[in-house]
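Fold and geometry: a report
The residues making up each chain are set out below.
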Amino acid sequence: MALGSAWKRMSWLYYQYLLITALYMLEPWERTVFNSMLVSIVGMALYTGYVFMPQHIMAILHYFEIVQ
């Protein structure tokens, strides 16, 4: 019962995503290309933030002499 409810909720959210981004007008292969590019860009942004943000935060803290 819970699995069916979760599946229904996920399909509703996916449908909302298609409507908001106007992807429902694209063909399936175009939608796949768009979603693949979106996932790869978000993944690269998260990875870059994970790797470089600590260095930048430490540089800012050293600049304002919060951390010695």
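Residues numbered from 1 in each chain as written. Predicted model: local features only at pLDDT ≥ 70, side-chain atom pairs only at ≥ 80, totals over all residues. Heavy atoms only, no water.

Per an unreviewed UniProt entry, the protein is named SPTSA palmitoyltransferase, and its organism is Upupa epops.

Quick notes on the overall build of the protein
What counts here: Think of it this way: any DSSP run of H or I at least four residues long counts as a helix, any run of E at least two long counts as a strand, and we number them from the N terminus. This radius of gyration counts C-alpha atoms alone. The globule rule is 2.2 Å times how many residues there are, raised to the power 0.38. When a residue's accessible area, from a 1.4 Å probe over protein chains only, is under 20% of the maximum for its type it is buried; when over 50% it is exposed; and in between it is partly exposed. What sets the accessible areas is the Shrake-Rupley method with a 1.4 Å probe; for residues, cover comes only from the shown protein chains.
Check the secondary structure of the protein and you find two helices and zero strands. Computed over C-alpha atoms, the radius of gyration of the protein comes to 20 Å, more than 25% over the 11 Å expected from 2.2 N^0.38 for 68 residues, which places it beyond the range of a compact globule. Counting the 68 residues in the protein, one finds 6% classified as buried. As displayed, the protein has an accessible area near 6300 Å², and 74% of this comes from carbon and sulfur atoms.

Side note on the packing of aromatic side chains
The geometry of an aromatic ring pair comes down to the distance between the two centres and the angle between the two planes. Under the convention used in this document: Pairing of aromatic side chains requires ring centres within 6.5 Å, counting the rings of Phe and Tyr and the six-membered ring of Trp. Pairs whose planes differ by under 30 degrees are stacked, by over 60 edge-to-face, and all others tilted.
Going through the model one piece at a time under the given rule, you end up with two aromatic pairs. Note on Tyr-14 and Tyr-17: the rings are 6.1 Å apart at their centroids and 40° apart in plane angle, and the pair reads as tilted. Here Tyr-14 pairs with Tyr-17, and both are found in helix α1 (residues 2–21), just three residues apart, close to one helical turn. Given the relative accessible area of 25%, Tyr-17 is considered partly exposed. Ring geometry for Tyr-63 and Phe-64: centres 5.1 Å apart, planes at 80°, overall edge-to-face. Accessibility expressed as a relative area gives 67% for Tyr-63, which makes it exposed.

Structural notes on the UniProt feature "transmembrane region" (unreviewed entry) in the protein
What counts here: UniProt positions are given in the numbering used here, feature names are shortened, and annotations may be inferred rather than shown by experiment.
Sites flagged by UniProt as "transmembrane region" (unreviewed entry) map to residues 33–53. Between the first and last C-alpha atoms of residues 33–53 the distance is 29 Å; the span itself is 100% helix and 0% strand.

What about the environment of Glu-65?
With respect to the helices, strands and loops of the structure, Glu-65 is situated in the segment after α2 (28–63). Exposure remark for Glu-65: the relative accessible area of 61% places this residue in the exposed category. Along the sequence, Glu-65 and Asn-35 sit 30 residues apart, while their C-alpha atoms lie 43 Å from each other.

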